[in-house]
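Geometric and topological summary
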Amino acid sequence: MSQSLTAVAGLLAWPQQRVRVSFECATSGVQHHSFEGPLLHDVLTDAGPGFDPARRKDRLRFLIAVTGADGHHALLTWAEIAPDFGRAPVVPQDRCGARHISGITAITVDGQYAGGR
């Protein structure tokens, strides 16, 4: 089984959440979609980001870069998805759908950006 099929099978084993979202598209108006899958926060937390427990609120300096199969990219912050901060069940909760990524090929969590120390 390929690595991507293994990853998808693994995600299907997680508790699935189902949500309906609407957002505005600059070219085609309001879009309505349904999504189902595990919560991004749960999956990324399980992956074990390198939060430093000695640094107060260290997780807030972490960025999440998402890449789609079509080369589209989006950037999120850990605070947007953390239950004790943004608590976004669907990311992003933007009015516009510009950060919608389909066919996700990579997610990178990084706390080492310039200015992060």
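Cut-offs applied
Residues numbered from 1 in each chain as written. Predicted model: local features only at pLDDT ≥ 70, side-chain atom pairs only at ≥ 80, totals over all residues. Heavy atoms only, no water. Salt bridge = Lys/Arg side-chain N within 4 Å of Asp/Glu carboxyl O. Buried < 20%, exposed > 50% of the residue type's maximum accessible area, 1.4 Å probe, protein only. Helix = DSSP H or I, 4+ residues; strand = E, 2+ residues; numbered from the N terminus. Disulfide = S-S within 2.5 Å. Contact = heavy atoms within 4.5 Å. Pairing = 2+ DSSP bridges. Axes fitted to C-alpha atoms, helices over the stretch in contact; angles between N-to-C directions.

For the structure on display, the rule yields five salt bridges. Two residues, Arg61 and Asp58, come together in a salt bridge whose shortest N-O distance is 2.4 Å. Here Arg61 falls in the buried class, since its relative accessible area comes to 8%. What makes Asp58 buried here is its relative accessible area of 4%. Between Glu80 and Arg99 there is a salt bridge, with its nearest N and O atoms 2.8 Å apart. Separated by 19 residues along the polypeptide, Glu80 in helix α3 (residues 78-81) and Arg99 in the loop between α3 and β5 (104-110) bring together distant segments of the chain. When salt bridges with common partners are traced through the structure, they connect Arg55, Asp58 and Arg61 into a single cluster.

Following the criterion strictly, the structure yields zero disulfides and no others. Counting only cysteine sulfurs, Cys25 is the nearest neighbor of Cys96, a cysteine outside any disulfide, at a range of 7.2 Å.

Moving on: unusual backbone geometry. The backbone phi angle of Lys57 is positive, close to 55°, even though this residue is not glycine. Following the sequence through the fold, Lys57 ends up in the loop between α2 (40-47) and β3 (63-68). With a relative accessible area of 44%, Lys57 lands in the partly exposed category.

Take Asp58: it is sitting in the loop between α2 and β3. When residues no more than four places from it in sequence are discounted, the contact partners of Asp58 are Gly50, Phe51 and Asp52.

We now examine the environment of Asp70. Structurally, Asp70 can be placed in the loop between β3 and β4 (73-77). Judged by relative accessible area, Asp70 falls into the exposed class, the value being 59%. Asp70 sits 34 residues away from Ile104 along the chain, and the two C-alpha atoms are 8.9 Å apart.

This next bit is on the environment of Ala13. Note on placement: Ala13 falls in the loop between α1 (3-12) and β1 (17-25). With 25 residues separating them in the primary sequence, Ala13 and Pro38 have C-alpha atoms 8.8 Å apart.

Moving on, we come to the sheet that holds β5. Pairing is antiparallel in the open sheet, where three strands are placed in the order β4-β3-β5. Of all strands in the sheet, those with a lone pairing partner are β4 and β5, marking the two edges. Taking each pair of neighbouring strands and ignoring which way they run, the sheet shows an average axis angle of 20°. Across six bridges, the pairing between β3 and β5 is antiparallel. Residue Ala65 lies in a different strand from β5, and its bridge partner there is Thr108.

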